[in-house]
Amino acid sequence: DAGTKKLDTFVVIHEKAAGLFTMLKDSAQSMLITTGKSGRSGDRSSEEYQAVSDENARAVASLIQFLTTQEMSLSSSHRRGYLNLELRLLHHECCYCLDRTGAKLVMPRKSDTTRHNSSLGHVGGP
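Given the structure is predicted, the values throughout are model-derived calculations rather than measurements. (Residues numbered from 1 in each chain as written. Predicted model: local features only at pLDDT ≥ 70, side-chain atom pairs only at ≥ 80, totals over all residues. Heavy atoms only, no water.)

A few words on the overall build of the protein chain. Along the backbone of the protein chain there are three helices and zero strands. Taking all 126 residues of the protein chain together, 13% fall into the buried category. Excluding contacts between residues fewer than 6 apart, the proportion of contacts in the protein chain whose partners are at least 24 apart in sequence is 73%. (Helix = DSSP H or I, 4+ residues; strand = E, 2+ residues; numbered from the N terminus. Buried < 20%, exposed > 50% of the residue type's maximum accessible area, 1.4 Å probe, protein only. Contact = heavy atoms within 4.5 Å.)

This is the structure:
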């Protein structure tokens, strides 16, 4: 039914988002310039390569940290959305089963609620 399809869609989206974040972090790590591995050997000194490499390392570390926090945030909101959807689906399924069996749900009367709550406060019976 529609509720189950929504849950399946949630799972697929979450898996794709997790895969995307993994790919982005891996790509960021592969962007690091290592010392002395440039195609132009005579243009820069080893100190310049090291400085560029250090700057890249800091930038990549910051990017990876940002991607990790965004992934955790998205993951958390997906989890909440998934659980909310699952609970709504369970609620509708329960209501459908109760309706199918002919059960009627009624609100408790005020006097029944008061009597029940006051009896909970007494130990040993009424």
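A few words on helix 1 (residues 2-30). Under the 1.5 Å per step criterion, the end-to-end length of helix 1 is 42 Å for 29 residues, consistent within 8% with the ideal 42 Å. All buried positions along helix 1 are accounted for by G3, L7, A17, F21, K25 and A28. (Expected span 1.5 Å × (residues − 1).)

As for its placement among the helices and strands, E15 is situated in helix 1. Between the C-alpha atoms of E15 and S75, which are 60 residues apart in sequence, the distance is 9.8 Å.

The next thing to look at is a nonpolar patch on the surface. A cluster of nonpolar residues, L20, M23 and L24, forms a patch on the protein surface that exposes about 290 Å² of accessible area. Inspection of the secondary structure assignment puts L24 in helix 1. (Patch = residues over 30% accessible without salt bridge, like charges linked within 9 Å, V, L, I, M, F, W, Y side chains within 5 Å. Areas by Shrake-Rupley, 256 points an atom, 1.4 Å probe, with all protein chains shown as cover. Salt bridge = Lys/Arg side-chain N within 4 Å of Asp/Glu carboxyl O.)

Once that is clear, we can look at the pattern of salt bridges. If you walk through the whole model with that rule in mind, you get one salt bridge. In this structure, K25 and E71 form a salt bridge, with 2.8 Å as the shortest nitrogen-oxygen distance. Of this pair, K25 sits in helix 1 while E71 sits in helix 2 (residues 46-101), placing them 46 residues apart in sequence. Here the two residues K25 and E71 agree in accessibility, since each one is buried.

Residue classification places L24 among the partly exposed positions, given a relative accessible area of 37%. Separated by 40 residues in sequence, L24 and I64 place their C-alpha atoms 8.3 Å apart.

None of this, on its own, says anything about what the molecule does.
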